[in-house]
Amino acid sequence: MANSEILKHSAIDPEAIEDKQFTASLLQEMVRTGLADQTFADFFQNQLLELLNSQLKKITNNKSSSVPVELADDLMDGIAYCIDTALKSLPTLEESAATLHSQSVQSLYELGTEQLDKHGKACVALLSRARATRLKTANQGYQLVLDVTFPDFIRSWKTNPFPHDFEVITEYPLAVEPAESGIAGVHKRLSALALENRFCARYPQETVESLLGGYADAHRVTAADAYINLFTLCLQNLLLNKLLGRDGLLLTEDERTRLEQKLRPLSPCQRAELIRYTAELFLKESALEYPKLEDYIRRAALDFANLLNSAGGTLVELSVITPAARSLVHTDGERLEDDAFALVAEEVMLAETAKEKVQILQSELRSLEDLTDLLASGSIFEDEFEQLYALFDPVTLAMLLSVSPVTLTGQTLTIQTDLEWQAALVSYLNQMDEQQKAEILSIYHSAVE
Amino acid sequence: MSNLTSLLRGENNLPSRRSMDSLLQTNEISSQYGLTLTQQDVVKLVQIRNEALRGYGRLEFGAGVLNRLALAFCDSPYVSSDTYADILAELTELFYQTKSESLERMPDDLVIDRMKEAFNGACEGSLKSLAIVMDTIAYNIRVYGTETAPEAEETEHTHDCGHDHGPDESDEESEFSFGEGEEDGNWRTVRF
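Residues numbered from 1 in each chain as written. Chains lettered and ligands numbered in written order. Predicted model: local features only at pLDDT ≥ 70, side-chain atom pairs only at ≥ 80, totals over all residues. Heavy atoms only, no water.

**What to know about the overall build of chain A**
Across its full length, chain A carries 20 helices and five strands. Here chain A holds 449 residues, and the buried ones make up 46% of them. Here the contacts in chain A between residues at least 6 apart in sequence split such that 66% fall between residues at least 24 apart. When the accessible area of chain A is evaluated, it comes to approximately 23200 Å², of which 53% is carbon and sulfur surface. (Helix = DSSP H or I, 4+ residues; strand = E, 2+ residues; numbered from the N terminus. Buried < 20%, exposed > 50% of the residue type's maximum accessible area, 1.4 Å probe, protein only. Contact = heavy atoms within 4.5 Å. Areas by Shrake-Rupley, 256 points an atom, 1.4 Å probe, with all protein chains shown as cover.)

Next up, the structure:
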């Protein structure tokens, strides 16, 4: 006899409980396991219909006795959403079942509404915080979610007469995307965004933008349009830098290649452990003292490790090379007629100083081909080239280099050419200081047809 | 969609027993005009109501509308004891049609008032004419936001309502006097 109570009710099967249909599936389980009978189920249904009726009366201002079924469906979905929220907040299914059995539909609904309202209020404060700490970035998706998307979600939530679930779709991806929908999902996303802002703010804005620029260039999009998470760009490069034994976010192509050579031979477990260890090392050294951010970084690092394993240790899609190589698209201007070209060539030849020659070139020529023809025309004497090049801007020098048959070994240029201006150009560039040369070479590398 | 919504898919929107009792109670008033509904009439009317609600995709709650229609029309000079139940059936269908086609912008009382005015007035008891009138009102509300079209417009009815409004065929251009536009069941889009 004593054991009959235990035998009477079998346990609720967690597999049978659907997240999006929590109350309905829980009720079914309760009936199946004997925790509730059909009488209770009918009673529950009647209470639901009463609540629905009261909402319909409110929506119609008591002036209609019927509504389209779609409206009733929407309201019922909202009721279910609130009751689901209330019941899901309890720690165990058994407690949820007990509460469902003991509380009225009205009180469950009010409990759920109250919990959702708390999310709504928290979103207002979080949005304000996220905006106050926003990154100065050209990325439009990032700015849009702060200025339009999240405010719209919150506004819509506040103005809706009854709480409703909704899909949270935004223009900016997060490093760790929450699964939640509705206002709870907005809350989680804003929390995540605030954490990401906090992390990225540790690094110079130019560096973060440089990563964005590098990503955009590599994917042939603009920084404004790139659909990428800035925190992810920073964290991935940071972890890779840490693997190189240093701090910072910048990474060159050579460095990436070296890292790949080390990562590829590792097993997935080893790579995952390496990334995990590196992340913990960073957290220990940085002493963030902000557990939520630390947890977020750990989760993002775990995702990174999984992606790295999926890529077999290849880093092309999981890192950004910097400084960002800006793509240069050259569209040649209008060429001069032969007679006009001859006049300009003569004028350049007769000009007394390099400065005057450059002024004539800048004012008369619109085409790179005309420039190279003029440089090869004999209008400029051997000892004048260096003076001329000193007055050219980096883009012009890079463009001239791009039409020269140069070979680059490390940072040194070599050329085999009969054209005096090309040889002089290479000689001039090789004598330049490293930083200036690097800038010109960067433009040269990014020049595309 | 929540599975709880399946609760709404039951046979009726209001418990039928309640509707039938409520309808039978109207006999206390209608009998003064020589009109009564039998049990059979009431069962049939509730069935017709349920079918109309299903047909127009509607859910009824609260007190329902059948008894209000009965009380509104029982004193009509155009309703007799032979025709009372049948007329109520037609009125029920027309009521829900008007509610749907006016995009929920007409409260119940207004729909019933307009139906009664037209039925007892210009339509002289003709249900066919009443249908045309209510259809026109619903159209005007959809398109103009008011029961009557703006005075500047001619009263050509150019919408496709399935009714013959007169000898003139619908004219696409005059349908949108303020500019070109298009309309579906729910929205009217006007381009100026």
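**As for the side chain of Ser367(A)**
Residues and elements named next belong to chain A. You can see Ser367 is positioned in the loop between α15 (354-364) and α16 (368-375). Here Ser367 falls in the buried class, since its relative accessible area comes to 3%. A distance of 3.1 Å separates the side chain of Ser367 from the backbone nitrogen of Glu369, its partner in a polar contact. Residue contacts for Ser367: discarding those within four places in its chain leaves Asp332, Gly333, Glu334 and Arg335. (Polar contact = N/O pair within 3.5 Å; in protein donor to acceptor, adjacent residues only side chain to side chain.)

**Quick notes on the packing of aromatic side chains**
Working definition: an aromatic ring pair is given by the centre-to-centre distance plus the angle between the planes. The full count for this structure, using the stated rule, is 14 aromatic pairs over all chains. Between Tyr78(B) and Phe119(B), the aromatic rings sit 6.2 Å apart at their centres with planes inclined by 80°, giving edge-to-face as the arrangement. Note that Tyr78(B) is positioned in the loop between α4 (66-73) and α5 (84-101) and Phe119(B) in helix α6 (residues 108-120), a separation of 41 residues in sequence. An aromatic cluster of at least three residues, connected via ring pairs, comprises Phe199(A), Tyr203(A), Phe231(A), Phe282(A) and Tyr296(A). Positioned above the aromatic ring of Tyr290(A), the side-chain terminus of Arg198(A) is 3.9 Å from the ring centre. (Phe/Tyr/Trp six-rings, centres within 6.5 Å; stacked < 30°, edge-to-face > 60°. Lys NZ or Arg CZ within 6 Å of the ring centre and 35° of its normal.)

**Some details on the packing of helix α14 (residues 338-350) of chain A against α16(A)**
Helix-helix packing: each pair is described by the crossing angle between the helix axes and the interaxial distance. Residues and elements named next belong to chain A. Direction vectors running N to C along α14 and α16 enclose 50°, while the axes themselves pass 11 Å from each other. Looking at the two axes, α14 sits oblique to α16. For the crossing formed where α14 meets α16, the hand is right-handed. Residues Phe341, Val344, Ala345 and Val348 of α14 form the contact with α16, whose participating residues are Asp370, Asp373 and Leu374. (Axes fitted to C-alpha atoms, helices over the stretch in contact; angles between N-to-C directions. Parallel < 35°, antiparallel > 145°, perpendicular 65-115°, else oblique. Left-handed = near helix turned anticlockwise from the far one by under 90°.)

**Focus: the interface of chain A and chain B**
On the chain B side, the residues contacting the 24 residues of chain A number 24 residues. Summed over both sides, the interface between chain A and chain B buries roughly 2100 Å², with carbon and sulfur atoms accounting for 60% of that surface. Among the residues chain A hides against chain B, the three largest losses belong to Gln21(A), Ser65(A) and Ser66(A). Together they make up 26% of the total. Counting across the interface, chain A meets chain B through zero salt bridges. (Buried area = accessible area lost by both parts, 1.4 Å probe. Salt bridge = Lys/Arg side-chain N within 4 Å of Asp/Glu carboxyl O.)

**Remarks on α15(A)**
Residues and elements named next belong to chain A. The complete set of buried residues in α15 reads Ala354, Lys357, Val358, Ile360 and Leu361. For α15, the angular spread of the buried residues around the axis is 160°, confining them to a single face. Among the structural elements, α14, α16 and α17 (385-391) are those in contact with the buried residues of α15. (Arc of directions from axis to C-beta.)

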